[in-house]
Amino acid sequence: MKKSSDQFLLFLGIILISINLRTSIASVGPLIPFIREDLDISNGLAGSLTTLTLITFAIFSIFSPKIGKRLGNGRAIFLGILLLSIGVVVRVLGGVEILFIGTALTGVGIVIANVLMIPFFKAHLPEKLGLLTAILSTGMSLFAAIASGISVPLAVDLGWGWRGSLAFWVVFMLLALAVWFPQTKAKPIRNKGEGQAGKNVWKSRLAWQVTLFMGAQSVMYFTMVTWLPDMLISKGMSPVKAGIALSYMQLISLIGTFFAPSFLMKLRQQHMVILGVSLGYLLGYLLLFSSQEWVLFVAMTIIGIGSGASLSIAYTLISLRTAEDQTTSNLSGMVQSAGYVLAALGPMLFGISLDLVGNWDFLIWFLLAMTIQFLFFGWSAGKDQKI
């Protein structure tokens, strides 16, 4: 059992790491006009910064479990945050090439920490797995919303420019490194399957069900974040209100993000919760056919809560569906690798489809179809079984 002071440092370290796992991504979008003008690059090249990060996630998710096994998860997470902080500084030091090198480095750092946090929880504080998962996913979502909101004020109102605005977040990364350092020496209180490679999750049907469940929720989230404001504007909403609606959806998602993991851990099977979230998605998306603002904000409320719960469910299933700790790491890498590939492809494929169809209602039908996939794979992944 860890001492109270050790537990406090661990919880504080988890909070600080959760802050850093999305801010370096979320802070870029609002600053793209400034980056584009300063570096004289095209919209396509500027927009590919986010795509590069997601592709980096997809590639290095596969290798992260091996890094964790070699160094220990505590040390590997420290390495991830260190690489992230270096990348955040590097990307603001020069021109286009340096920007992309730094961005790629931030992606590598984020994904190492992101993949290994759930296995670390399971090995070190399994009795608080639900709470720690809730803290991780809530911190990620909350500070992604904050980073999106304050990037331009930091750049313009404080006069820091886009470089200073992006570099600001390194302060929290250095704090995380300092607080997390004791965990580089921490030994797990349990380590089932120590010294083993873990199961080959790529050959497991259950692993693929969890993975495709994660993929469906990732596609829905990133497609909504990318295209929702444009769709709302097409329905007559002002650009300002459309932006507020997107921010509101992300903030309201914190309800589902925080409360879902602890609730799920109390259940032997989780498939009925997934059914409930799926029905919520279906209702929320159907309400998007309306052009009345109050109906659209009701839709944002339902979709937002479901979106937050979905992320937490996916993270929790990674732990619940595995027995050995190394298998947990392997599944976390697989789930996030495939999830980010789909996340990168989803908004792009919808954009191509929109050009062909020319009707914003197609976005709603696209999201409804993804909800069916979400339920189909989640129903099996939510049943009590192990890889």
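Just so we're clear, the structure is a prediction, and the values are computed from it rather than from any experiment.

Calculation notes
Residues numbered from 1 in each chain as written. Predicted model: local features only at pLDDT ≥ 70, side-chain atom pairs only at ≥ 80, totals over all residues. Heavy atoms only, no water. 1 Å grid on protein atoms, 1.4 Å probe; cavity = no way out; pocket = protein on both sides within 12 Å on 5 of 7 lines; lining within 4 Å. Points joined across faces, edges and corners; volume = space filled by probe spheres on them. Helix = DSSP H or I, 4+ residues; strand = E, 2+ residues; numbered from the N terminus. Nonpolar A, V, L, I, M, F, W, Y, C, P; charged D, E, K, R; others polar. Domains from an automatic or database assignment. Salt bridge = Lys/Arg side-chain N within 4 Å of Asp/Glu carboxyl O. Buried < 20%, exposed > 50% of the residue type's maximum accessible area, 1.4 Å probe, protein only.

1. Side note on the layout of surface pockets
Approximately 1400 Å³ is the volume attributed to the largest pocket. Taken together, 48 residues form the lining of the largest pocket, with Thr50, Tyr221, Phe222, Val225 and Thr226 sitting closest to its centre. With ten residues, the top contributor of residues to the lining of the largest pocket is helix 10 (residues 205–234). Considered class by class, the residues forming the lining of the largest pocket number 28 nonpolar, 18 polar and two charged. Here the lining of the largest pocket spans two domains, since at least three of its residues come from each of domain 1 (1–186) and domain 2 (204–386).

2. Let's talk about the pattern of salt bridges
Opposite charge on two side chains permits pairing when their charged atoms draw close. Inspection of the entire model under this criterion finds three salt bridges. The salt bridge involving Asp38 is made with Arg163; its shortest N-O contact spans 3.2 Å. Of this pair, Asp38 sits in helix 3 (residues 32–39) while Arg163 sits in helix 8 (residues 161–167), placing them 125 residues apart in sequence. Taking the relative accessible area as the measure of exposure, Arg163 reaches 26% and is therefore partly exposed. For Arg268, the salt bridge goes to Asp384, with nearest N and O atoms at 3.5 Å.

3. With respect to the environment of Gln183
Looking at the secondary structure, you find Gln183 in the loop between helix 9 (170–180) and helix 10. The exposure class assigned to Gln183 is buried, which follows from its relative accessible area of 5%. Spatially, the C-alpha atoms of Gln183 and Ser310 are 29 Å apart, while their sequence positions differ by 127 residues.

4. Describing unusual backbone geometry
The phi angle at Asp40 is positive, at roughly 55°, despite the residue not being glycine. Mapped onto the fold, Asp40 is located in the loop between helix 3 and helix 4 (43–71). Overall, the relative accessible area of 69% leaves Asp40 in the exposed class.

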